[in-house]
Each structure stands twice: as structure tokens, then as C-alpha cells.
Amino acid sequence: MPAPRSLLVTTLSILSCSLLATPAVASGDASPGRATTAVKRQADCPTGPAHDARRAKAAARACRASARRTRTQKPAKTRPAKSKTHTGKPATSKSATTKSRAAKPNPTPAPQAAVPTPDPSTVPAVASPSAQSDAAAIAAVLATPCQNTELTPEAANIALVRTAVLCLINRKRAENGEMPLAPNPELEQAAEGHCAEMIADDYFAHVAPSGETPVDRIRDAGYIPSPSDGYVIGENLAWGTYQLSTPQSIVSAWIASPGHLANILEAQYRETGIGVVPAVPASLAAGAPGATYAQEFGVIIP
């Protein structure tokens, strides 16, 4: 007869919320002329002594006749030329165009000799000291492996579990170019207190049965200096049993949830506090071993 086997059921549940509060704020006619030309012709009449009177008379008649022909024919020849001139179609109009082109100033050669302005898209920007510091911090997180991520929470290893959760959270932020979160004692106090209360009062929610909210818890812990200060805070909750209660399982579940991931990657957050209790609310786990987690996120805006 085969030996009986026990059936283990692992369970994991998560919740997230985020809140924003901001402090109050007090409160002559220049038309060109037409080019013209004038062409004049004169009759070329030979002069000089004639060796023969008859020839002289004939030459004189021929000269006078030539002069008359010149005087009567030249107007007919010169009018078309004047007509062409006044219509602006003679060669002189082309010459004027050429002169007009020549009169245009040449482009200033100075820009060609000057050093060209660099294209901002091709010139690498010089990172500010702050940006360089942020980049170094992100690189350091990515270069550091996370330890103890598969620990099952117990009273003796809570500090290691808390450190493992913070390492996994900051690694995820670094992978997305966000700065790592710094541990804050007030936020840790609020997270630890909420975990303990959920175990004691057997519930799992952001708002306690008494009506206490995440803001109330964080303010009571002393994280928000004064009512005039603004703040951005967020809270992720989770509980799991058996192997689903390890830091890796809890953080993986948060990352797989859009709302929880939004808290993890929120760029405004600067500090965090992580609470871990090696127990689960009795009504949820049916007595199975496990752990309850709370992570508070915050930044103060003076």
C-alpha cells in the first residue's frame, strides 16, 4: 500500500496604491526707363576735280540723285528700327537684362570661410555632474548581484529578506533608468507596523478596519515633516505561503502587476521602507506558513 502524500497549496496575493499631495502655493518714381537707340546715316558723295565737264555734270547729277534717294529712303529704313526700339525688343533690352544680372551683389563669401555651426543632433551632449552621478549610481546597482532572494522569511532572517527585496526593487528601477531608492526609517516603521496590524487584526488591505490610511500611517511615523509640505507616497502589499513567500516570488508578482510596477518605477520616489512579518493573516492562509510584506514609497516636496 503506497504511503500517503501531503498536498501543499501555495498562495500569493498582492495590493497596491499611490497618493499625491502638493503644498499650497501663494500667488520718387522708381520704375525703370526704356532703353532707346538712334541710327543716323549720311550720303557719301564723292568730291574732287572732274577731268571732264560732262563727267563732272553727270557725277554731280548722280550725287544729287543719290542724296535724294538717301533722303527719301532713309526714313522708311529708320522708322522700323525706331519702332523696334520703342517696343523694347532690340538687342539693347537684352543688354540691359545682362547688366541687371551683373549688378546683383554676389553672395557674401564670409559664411563659407567661417567655421560651420555644429549640428546639435550630431554633437554628444556633455553630461552634468549630477547626471554623471546618477548614471554611476544606476551602473553600480546593475553591477551588484542580489543576495538571499530565495530565503523563506523567518524571525532570524528578516533583515536579510528586507535587504533582498530592496535589491530586487532597485535593480528593476535601474534596468529602466531610474535612480535607486534609499532606505528610510520612518517609512520602514510604517510598513512594519502595517504588516503586524494585518496579522493581528486578520485582514489584508491598504485601509485598516479602523479607517487608517497609508497617509495616516506614514504621517504618524513622522515621514511628512509638516502639513505645509507636499509629498508623493505609494504602498505595495503582498502575502505568500511556502516558496511563494520568498523575496524573489514577491517582487516578481509585483513586477507582473501594472499597478505595483508603476509604484516600483515611479521616478519621483526617492525613499522606501520595507516591512516583513513571517506570518499570514489566519483567515487567508488556513494555517500554512508564509510571510506578509509591505513596501512604502515616498518623496517629500517642500
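Everything numeric here is computed off the predicted structure, so don't read it as measured data.

Rules used throughout
- Residues numbered from 1 in each chain as written.
- Predicted model: local features only at pLDDT ≥ 70, side-chain atom pairs only at ≥ 80, totals over all residues.
- Heavy atoms only, no water.
- Helix = DSSP H or I, 4+ residues; strand = E, 2+ residues; numbered from the N terminus.
- Buried < 20%, exposed > 50% of the residue type's maximum accessible area, 1.4 Å probe, protein only.
- Areas by Shrake-Rupley, 256 points an atom, 1.4 Å probe, with all protein chains shown as cover.
- Polar contact = N/O pair within 3.5 Å; in protein donor to acceptor, adjacent residues only side chain to side chain.
- Contact = heavy atoms within 4.5 Å.
- Core = buried A, V, L, I, M, F, W, Y, C linked by side-chain atoms within 4.5 Å.
- Pairing = 2+ DSSP bridges.
- pLDDT = per-residue confidence, 0-100.
- Axes fitted to C-alpha atoms, helices over the stretch in contact; angles between N-to-C directions.
- Parallel < 35°, antiparallel > 145°, perpendicular 65-115°, else oblique.
- Phe/Tyr/Trp six-rings, centres within 6.5 Å; stacked < 30°, edge-to-face > 60°.
- Expected span 1.5 Å × (residues − 1).

*Asks:* What am I meant to see in the overall build of the chain here?
*Replies:* If you tally the helices and strands in the chain, you get 10 helices and 5 strands. Every one of the 302 residues in the chain was classed for burial, and the buried ones make up 30%. If you sum the accessible surface of the chain, you get close to 19,100 Å²; carbon and sulfur atoms cover 57% of it.

*Asks:* Which parts of the structure should I look at to understand the side chain of Arg-217?
*Replies:* Position of Arg-217 among the secondary structure elements: in helix α7 (residues 214–220). Only 3.4 Å separates the side chain of Arg-217 from the side chain of His-194, close enough to count as a polar contact. When residues no more than four places from it in sequence are discounted, the contact partners of Arg-217 are Ala-190, His-194, His-206, Ala-208, Glu-212 and Glu-235.

*Asks:* Would you mind showing me how to read unusual backbone geometry here?
*Replies:* With the exception of glycine, most residues fall at negative phi, and the peptide bonds are largely trans. Not every positive phi belongs to a glycine, and Asn-148 is a case in point at roughly 60°. Position of Asn-148 among the secondary structure elements: in the loop between α4 (129–143) and α5 (158–175). Non-glycine residue Asp-202 carries a positive phi angle of around 55°. When you line up the elements, Asp-202 lands in the loop between α6 (185–201) and α7. Exposure remark for Asp-202: the relative accessible area of 32% places this residue in the partly exposed category.

*Asks:* I would appreciate a short explanation of the nonpolar core in the present structure.
*Replies:* The nonpolar side chains of a soluble globular protein tend to be buried, and buried together. Within the largest apolar cluster, 21 residues are counted, with the highest numbers of intra-cluster contacts made by Val-165, Ile-169, Val-251, Trp-254, Val-276 and Tyr-293. Sorting the residues of this core by element identifies α5, β3 (230–241), α8 (247–256), β4 (271–277) and β5 (290–301) as the ones contributing at least two each. When residues of this core are assigned to their parent elements, the largest contribution, 6 residues, is made by α5. The contacts of Trp-254, once residues within four sequence positions are left out, are Ile-14, Val-165, Ile-169, Asn-236, Leu-237, Ala-238, His-260, Leu-261, Ile-264, Tyr-293 and Gln-295. The next biggest cluster of nonpolar side chains, apart from the first, holds 13 residues, and it includes Ala-191, Phe-204, Leu-237 and Val-280.

*Asks:* What am I meant to see in the pairing of β4 here?
*Replies:* Side chains on a regular strand alternate between the two faces of the sheet. Burial analysis of β4 places 6 of its 7 residues in the buried class, the great majority of the element. Judged from the 2 bridges that link them, strand β2 (residues 182–183) and β4 form a sheet pairing that is parallel. By the bridge assignment, Pro-183 is partnered in β4 with Thr-272. Note that β4 and β5 share 7 bridges and pair antiparallel. If you follow Glu-271 over to β5, its bridge partner there is Gly-298.

*Asks:* How do you make sense of the confidence of the model for the chain when you look at a structure like this?
*Replies:* Should pLDDT be low for a region, the predicted coordinates there are not to be read in detail. Confidence in the prediction for the chain averages 74 pLDDT; 61% of positions are at 70 or higher. Between residues 22–60, whose pLDDT stays under 50, and residues either more than four places distant or in other chains, the model counts 22 contacts. Below a pLDDT of 50 lies the segment residues 62–113, which in the model reaches 22 contacts outside its immediate sequence neighbourhood of four places, other chains included.

*Asks:* What should I look at first to understand the packing of α5 against helix α9 (residues 258–265) in this one?
*Replies:* For any two helices packed against each other, the geometry is given by the interaxial angle and the distance between the axes. Contact geometry of α5 with α9 gives a least axis separation of 9 Å together with a crossing angle of 80°. If you check the angle between α5 and α9, you find them roughly perpendicular. Side by side, α5 and α9 meet where Ile-169, Lys-172 and Arg-173 of the first sit next to Leu-261, Ile-264 and Leu-265 of the second.

*Asks:* I'm lost on the packing of aromatic side chains in this one. Help?
*Replies:* Think of a pair of aromatic rings as described by two things: how far the centres are apart, and how the planes are tilted against each other in angle. One pass over the full model with this rule turns up 1 aromatic pair. When the ring of Tyr-269 is compared with that of Phe-297, the centres are 5.3 Å apart and the planes differ by 20°; the resulting orientation is stacked. Separated by 28 residues along the polypeptide, Tyr-269 in the loop between α9 and β4 and Phe-297 in strand β5 bring together distant segments of the chain. For Tyr-269, a relative accessible area of 2% translates into the label buried.

*Asks:* I tried to follow α5 on my own but got confused; where do I start?
*Replies:* A turn of α-helix holds 3.6 residues, and therefore any two residues three or four places apart point the same way. Over its 18 residues, α5 runs 26 Å from end to end, which matches the ideal 26 Å to within 8%, given 1.5 Å per residue. Among the residues making up α5, those that are buried are Ile-158, Val-161, Arg-162, Ala-164, Val-165, Leu-166, Leu-168, Ile-169, Asn-170, Arg-173 and Ala-174. Gly-177 sits one or two residues past α5 and shows a positive phi near 75°.

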